[in-house]
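Tertiary structure, described
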Amino acid sequence: MKYSRITGTGSYLPEKVLTNHDLEKIVDTSDRWIVERTGIRKRHVAADDQTTCDLAEYAARRAMQAAGVSAGDIDLVIVATTTPDQVFPSTACLLQQRLDIHGCCAFDIQAVCTGFVYAMGIADKFIRTGSARCALVVGAETLSRIVDWSDRSTCVLFGDGAGAVVLQASDEPGILSSHLHADGSYESLLRVPVGVSQGYDRLKEEGAYIEMKGNEVFKMAVNTLGRIVDETLEANGLEKGDVDWLIPHQANIRIINATAKKLKMPTDRVVITVAEHGNTSAASVPLALDTAVRDRRIRRGELLLMEAFGGGFTWGSVLLRY
Ligand code: UT7
């Protein structure tokens with residue numbers, strides 16, 4: 001089997017919705033500012049008793065159902081998340097337990113907003129090398145837990161959700177290439193500066209929140225995503241315009257539009273969910289994919305380009321034949 005191919009997609013959004021007008025009551029912001037600068041109109045927020053694994057479970061079950069696979073078929077579980085339920089076990093192990101999957105390799109990937117793209121690249125390599133035949137790949141986040149709800153420059157941007165795919169070994173083209181990158185020297189522009197081995201006491205007392213120099217991140221995101229698009233096309237001998245669908249990370253409509261322009265793609269070939277979902281980090285690409293698969297915009301045989309950029313910085317792309 002030469003390829004790994006998506007055989008099912010699924011996603012889940014928590015019931016609670018926070019609109020821009022709701023945020024106007026919390027911080028000094030306006031619906032107009034948020035829509036103009038980001039394209040976001042609302043975001044979903046997990047209930048107090050809902051965890052990342054809860055969201056992941058819904059999305060995973062839907063993807064497995066769409067693929068027609070059962071727990072016994074899955075031989076690799078990867079969860080991309082920055083907001084795991086526990087320090088350990090990994091959310092992938094917790095999800096494995098929920099789904100009654102036993103014995104196969106299961107682990108989390110932490111590459112912030114690029115997490116799902118990383119997870120797809122890794123799962124593809126497992127399948128191509130014959131180490132796995134049927135992978136469950138999930139991006140799931142409860143970003144609302146690490147948002148400083150008094151910081152208007154970040155709290156309007158993020159949301160919660162989960163998306164999942166089943167990737168299976170196939171002779172027919174699926175993933176054609178993946179391109180994964182990171183440069184840790186940009187740590188100070190986007191981070192949560194507290195963790196287990198640094199500032200854990202502070203975390204317990206004061207919480208740990210996203211800090212971002214938005215404007216600088218914005219410029220880096222636009223330039224870097226432009227480059228990753230070129231890298232992906234070149235590696236596959238493709239021209240701009242050959243791609244059927246762009247499935248971008250949903251951080252900001254202006255970043256998405258800049259990448260689409262670079263690809264010479266009309267807006268109606270770009271899957272855009274940022275208005276309804278906000279930035280759900282590792283969940284954003286699989287949420288967008290599942291949305292466009294289920295509303296039948298994306299058809300079998302079409303060429304999809306997924307790309308993402310996030311904290312680290314990390315960035316990457318996956319080109320695949322759906
Ligand atoms: O997913 C990982 C990658 N993340 C991203 O890609 C996010 C990248 N960054 C962005 O999307 C944008 O930089 C933001 C949406 C975060 C900010 O947009 P911006 O156009 O870069 O605005 P800015 O940060 O330059 O701020 C412009 C003004 C400032 O006021 P002054 O200094 O010009 O008076 C801010 O204080 O907008 C102000 N501002 C707000 N005003 C109303 C910042 N946040 C808000 C707000 N409501 N929520």
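Conventions and cut-offs
Residues numbered from 1 in each chain as written. Predicted model: local features only at pLDDT ≥ 70, side-chain atom pairs only at ≥ 80, totals over all residues. Heavy atoms only, no water. Axes fitted to C-alpha atoms, helices over the stretch in contact; angles between N-to-C directions. Helix = DSSP H or I, 4+ residues; strand = E, 2+ residues; numbered from the N terminus. Parallel < 35°, antiparallel > 145°, perpendicular 65-115°, else oblique. Left-handed = near helix turned anticlockwise from the far one by under 90°. Contact = heavy atoms within 4.5 Å. Nonpolar A, V, L, I, M, F, W, Y, C, P; charged D, E, K, R; others polar. Pairing = 2+ DSSP bridges. Buried < 20%, exposed > 50% of the residue type's maximum accessible area, 1.4 Å probe, protein only. Right-handed = clockwise from strand over helix to strand, strands pointing away. Patch = residues over 30% accessible without salt bridge, like charges linked within 9 Å, V, L, I, M, F, W, Y side chains within 5 Å. Areas by Shrake-Rupley, 256 points an atom, 1.4 Å probe, with all protein chains shown as cover. Salt bridge = Lys/Arg side-chain N within 4 Å of Asp/Glu carboxyl O. Phe/Tyr/Trp six-rings, centres within 6.5 Å; stacked < 30°, edge-to-face > 60°. Lys NZ or Arg CZ within 6 Å of the ring centre and 35° of its normal.

Following both chains from N to C, one finds helix 8 (residues 214-235) and helix 9 (residues 253-262) inclined at 30°, their axes separated by 9 Å at the closest point. It follows from the interaxial angle that helix 8 and helix 9 lie roughly parallel. Viewed along their axes, helix 8 and helix 9 form a crossing whose handedness is right-handed. Between helix 8, through Phe218, Ala221, Val222, Leu225, Gly226, Val229 and Asp230, and helix 9, the contact on the second element is made entirely by Arg254, Ile255, Ala258, Thr259 and Lys262. Here the contact of helix 8 with helix 9 is built from residues that sort into seven nonpolar, two polar and three charged.

All right, on to the sheet that holds strand 7 (residues 160-170) then. Working definition: the strands of a sheet are paired by backbone hydrogen bonds and lie parallel or antiparallel to each other. Strand order in this open sheet of five strands is 1-7-6-4-5, and the pairing throughout is mixed. Of all strands in the sheet, those with a lone pairing partner are strand 1 (3-12) and strand 5 (105-109), marking the two edges. Strand-to-strand twist of the sheet, defined as the mean angle between neighbouring strand axes without regard to direction, takes the value 15°. The pairing of strand 4 (residues 76-80) with strand 6 (residues 134-142) spans five bridges and is parallel. Its bridge partner being in strand 6, Ala80 is matched across the sheet by Gly139.

Turning to the packing of helix 3 (residues 52-67) against helix 4 (residues 91-98), a few remarks are in order. Running from amino to carboxyl end, helix 3 crosses helix 4 at an angle of 55°, the nearest separation of the two axes being 10 Å. Considered as vectors, helix 3 and helix 4 are oriented oblique to each other. Of the two elements, helix 3 crosses helix 4, and the hand of that crossing is right-handed. Counted together, Thr52, Cys53, Asp54, Ala56, Glu57, Ala60 and Arg61 of helix 3 and Thr91, Leu94, Leu95 and Arg98 of helix 4 form the full contact between these two elements. Looking at the contact of helix 3 with helix 4, its residues break down into five nonpolar, two polar and four charged.

Right, let's get into the pairing of strand 4. Counting buried positions over the five residues of strand 4 gives five, a clear majority of the element. With five bridges joining them, strand 4 and strand 5 adopt parallel strand pairing. Note on strand 5: the bridge partner recorded for Ala80 is Ile109. As for the winding sense of the linkage, the β-α-β connection from strand 4 through helix 4 to strand 5 is right-handed.

A cluster of nonpolar side chains, contributed by Val87, Phe88, Val196 and Tyr200, occupies part of the molecular surface with about 450 Å² of accessible area. Looking at the secondary structure, you find Tyr200 in helix 7 (residues 200-206).

Moving on, we come to the packing of aromatic side chains. Counted under the stated rule, the structure contains four aromatic pairs. An angle of 35° between the planes, with centres 6.1 Å apart, marks the rings of Phe107 and Phe126 as tilted. On the criterion of sequence distance, the pair formed by Phe107 in strand 5 and Phe126 in helix 5 (residues 115-128) is long-range, its members being 19 residues apart. Residue class for Phe126 comes out partly exposed when judged on its relative accessible area of 24%. One aromatic cluster in this structure is built from Tyr186, Phe309 and Phe313. Taking the ring centre of Trp245 as reference, the NZ or CZ of Arg269 above it sits at 4.3 Å.

Turning next to unusual backbone geometry. Here the residue pair Phe88 and Pro89 is connected by a cis peptide bond, since its omega of -5° sits within 30 degrees of zero. One can find Pro89 in the loop between strand 4 and helix 4. Going from Gly312 to Phe313, the amide bond is cis rather than trans, its omega being -5°. Phi is positive for Asp100, which is not a glycine, with a value near 65°. Locating Asp100 in the fold gives a position in the loop between helix 4 and strand 5. On the basis of relative accessibility, which here comes to 51%, the residue Asp100 falls in the exposed class. You will see that Arg296, though not glycine, has its phi angle at about 65°, which is positive. Note that Arg296 resides in the loop between helix 11 (284-294) and strand 12 (303-310).

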